Amino acid sequence: MKSTRELCGLFCSEMQTLTPRVYWAQRHKEIYLRVELSDVQDLDVSIKEHILHFTAQGHGAKGSNEYKFSLEFLEPVKDKPVFKATQREVNITVQKVESQWWERLTWQLKKPVFLAPDFDRWLDESDAELELKVKEDQITKVSMESRVPQDHFHNLKRGYLFMYNLVQFLGFSWIFVNMTVRLFILDSFYDTFHSIADMMYFCQILAVAEIVNPAIGLVKTGVIPAVIQVVGRNVILFVIFGSLEEMQNKAVVFFVFYLWSMIEIFRYPFYMLCCIDTEWKTLTWLRYTIWMPLYPLGVLAEAVAVVQSLAIFNETRLFSINLPWPLRMSISFALILQIYLVFMFLGLFINFRHLYNQRRKRFRTKKRKTN
């Protein structure tokens, strides 16, 4: 039979075992528990038959004592909790067996008196679903990015594209400023070719890169629209203007060069900013809008130049094709240019639709983002 002192010792020992304050929150896949206990020692956290058992020596609301509690969860959980003790608290993470939202934490309907919501981590079900979706999207994005092979020449490609667009911008800016001076100060249209041709030759020869770049995958634009524009301009520049001295003193040269340069002084700086992931909204709007009146006017000016050159090609027989025997006939280059006129307006339709679709896609995407 135990003495009175032994019984008192056992009673006091039982009275020293206390329950700490526990805060909880949940997600669809996890349960978070935060035990308000500092200077923890002899920590033991385990799960058996979906019941969490906690025992630790630490400093809580009732001073330094041994603290214990048990929680029988509403639904099955995995039996390997993750826990970490800090100087001020113990954090426990429990994985649910099934990803679902629980209406409460414990099997018993009445909430234990030591249990309270952790409002620092608390989310409603709808907010938790949104958080889960964001995490899944991030995981998917990281997974997709890891599957894409790294491009070790990415910065080199960007540097090349930036320098290309910079050189073209400077070239067409020089042309535009020079021709604006000639228009408003010198009032001279007819010697445009002799003043501007060398720079225009340089820019249009360099523009062949705009066919090569999408062809080898440096930029994500169509090859056909680039071919239509570059080839069309070079036919006008080198064949119509460059080979016929009679055309070089005509006013149409001024309008063709001026319209080309007006388009490019907005297009190339836009591409320059894209290379450094920068956007200027005003420039973006101009790049996707200014072409709407200028591009058809440019093609119209090119068509006028072709029509004016027909009589000259007929008279000089330049670039005419002499067919061998037994045909013994000559195909005038003027006839080829007449056929080219048809394809010129067909190219206008193709490029206009391409540019319009780009504009609609660009501003539709921006509108959705702002909403």
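Residues numbered from 1 in each chain as written. Predicted model: local features only at pLDDT ≥ 70, side-chain atom pairs only at ≥ 80, totals over all residues. Heavy atoms only, no water.

Asks: Which parts of the structure should I look at to understand the pattern of salt bridges?
Replies: Pairs can form between side chains of opposite charge once their charged atoms are near each other. Tallied over the full model, the rule gives 9 salt bridges. With its nearest N and O atoms 3.3 Å apart, the salt bridge here joins R34 to D118. Placement of the pair is R34 in strand β2 (residues 30–36) and D118 in the loop between β8 (115–117) and α2 (125–147), with a sequence separation of 84 residues. Note that E264 is salt-bridged to R267, the shortest N-O span being 2.6 Å. (Salt bridge = Lys/Arg side-chain N within 4 Å of Asp/Glu carboxyl O. Helix = DSSP H or I, 4+ residues; strand = E, 2+ residues; numbered from the N terminus.)

Asks: In this structure, what is going on with helix α10 (residues 291–316)? I would like to understand it.
Replies: In an α-helix, one turn spans 3.6 residues, which is why side chains three or four residues apart end up on the same side. Look at α10: 36 Å from first C-alpha to last across 26 residues, which is about the 38 Å you get at 1.5 Å a residue. The sharpest bend along α10 reaches about 30° and sits at S309. Residue R317 follows α10 closely and has a positive phi angle near 60°. (Expected span 1.5 Å × (residues − 1). Bend = angle between axes of the 7 residues up to and from the residue.)

Asks: Would you explain the packing of helix α6 (residues 223–241) against α10 in this entry?
Replies: The axes of two packed helices give the description: the angle between them and the distance between them. Relative to each other, α6 and α10 sit at 30°, their axes nearing to 11 Å. One way to sum up the angle between α6 and α10 is to call them roughly parallel. Helix-helix and strand crossings are classified by hand; for α6 and α10 the assignment is left-handed. In this structure, α6 uses R233, I236, V239, I240 and F241 to contact α10, whose residues at the interface are E302, A305, V306, S309 and F313. (Axes fitted to C-alpha atoms, helices over the stretch in contact; angles between N-to-C directions. Parallel < 35°, antiparallel > 145°, perpendicular 65-115°, else oblique. Left-handed = near helix turned anticlockwise from the far one by under 90°. Contact = heavy atoms within 4.5 Å.)

Asks: It is not clear to me how helix α4 (residues 192–206) should be interpreted in this structure. Could you clarify?
Replies: Compared with the 21 Å implied by 1.5 Å per residue over 15 residues, the 21 Å span of α4 between its first and last C-alpha is a close match. At D198, α4 is deflected by roughly 40°, the largest bend along its length. Of the positions making up α4, those classed as buried are T192, F193, I196, A197, M200, C203 and Q204. Close packing links the buried residues of α4 with α3 (154–186), α6, α7 (245–248) and α8 (251–275). (Buried < 20%, exposed > 50% of the residue type's maximum accessible area, 1.4 Å probe, protein only.)

Asks: Even after reading the chapter, I still don't get the sheet that holds strand β4 (residues 51–60), so can you show me in this structure?
Replies: One key point about sheets: their strands pair by backbone hydrogen bonds, in either a parallel or an antiparallel sense. In spatial order, the strands read β3-β4-β5; together these 3 strands make up an open sheet with antiparallel pairing. The open sheet is flanked by β3 (38–48) and β5 (63–72), the only strands paired with a single partner. When strand polarity is set aside, the average angle formed by the axes of neighbouring strands in this sheet is 10°. Sheet topology note: the β4/β5 ladder contains 10 bridges and is antiparallel. Note on β5: the bridge partner recorded for G60 is G63. (Pairing = 2+ DSSP bridges.)

Asks: Would you mind going over the sheet that holds strand β1 (residues 21–26) with me for this structure?
Replies: With mixed pairing, 5 strands are arranged side by side in an open sheet as β6-β7-β2-β1-β8. The open sheet is flanked by β6 (82–85) and β8, the only strands paired with a single partner. Between one strand and the next, the sheet's axes are offset by a mean angle of 20°, whatever the strand orientation. Where β1 and β2 come together, 6 bridges link them in antiparallel fashion.

Asks: Is there a simple way to think about the confidence of the model for the chain in this case?
Replies: Note that predicted coordinates carrying low pLDDT should not be read in detail. Per-residue confidence for the chain gives a mean pLDDT of 87; residues scoring 70 or more make up 90%. Confidence, expressed as mean pLDDT per element, reaches its minimum in the chain at helix α1 (residues 4–16) with 45 and its maximum at α8 with 95. Counted against residues more than four places away or in other chains, residues 1–15, with its pLDDT under 50, gives 2 contacts. Counting contacts from residues 366–371, a segment whose pLDDT is below 50, to residues more than four positions away or on other chains yields 1 contact. (pLDDT = per-residue confidence, 0-100.)

Asks: I'm lost on the state of the cysteines in this one. Help?
Replies: One way to say it: the disulfide is the covalent bond shared by the sulfur atoms of two cysteines. Enumeration according to the criterion identifies 0 disulfides in this entry. Sulfur of C203: no disulfide; nearest cysteine sulfur belongs to C275 and is 17 Å away. Given a relative accessible area of 0%, C203 falls into the buried group. For the unlinked cysteine C275, the closest cysteine sulfur is that of C274, found at 7.0 Å. Given the relative accessible area of 12%, C275 is considered buried. (Disulfide = S-S within 2.5 Å.)

Asks: Sorry, what's going on with the UniProt feature "transmembrane region" (unreviewed entry) in the chain here?
Replies: Here the UniProt-annotated "transmembrane region" (unreviewed entry) positions come out as residues 160–179, 199–219, 226–244, 250–270, 290–311 and 331–352. In this annotation, residues 199–219 is assigned 71% helix and 0% strand; the end-to-end C-alpha distance for the span is 25 Å. For residues 250–270, the end-to-end C-alpha separation is 32 Å, with 95% helix and 0% strand making up the annotated structure. (UniProt positions renumbered as here; feature names shortened; annotations may be inferred.)

Asks: Explain the nonpolar core to me, please; I cannot follow it from the model alone.
Replies: Generally speaking, nonpolar side chains in soluble globular proteins are found buried as a group. I236, I240, F241, M247, V256, F257 and M344 are the most contacted members of the largest nonpolar core, which totals 51 residues. Sequence-distant contacts of F257, defined by excluding residues within four places in its chain, comprise M179, T192, F193, I196, M200, L237 and F241. Counting 25 residues, the second-largest nonpolar core is a separate cluster that includes V40, V45, I47 and V94. (Core = buried A, V, L, I, M, F, W, Y, C linked by side-chain atoms within 4.5 Å.)

Asks: What exactly am I supposed to notice about unusual backbone geometry here?
Replies: Glycine aside, residues mostly have negative phi, and peptide bonds are mostly found in the trans state. With phi around 50°, D39 is a residue other than glycine that occupies positive phi space. Structurally, the position occupied by D39 is in strand β3. Here D42, not a glycine, exhibits a phi torsion of approximately 50°, which is positive. For D42, a relative accessible area of 65% corresponds to the exposed category.

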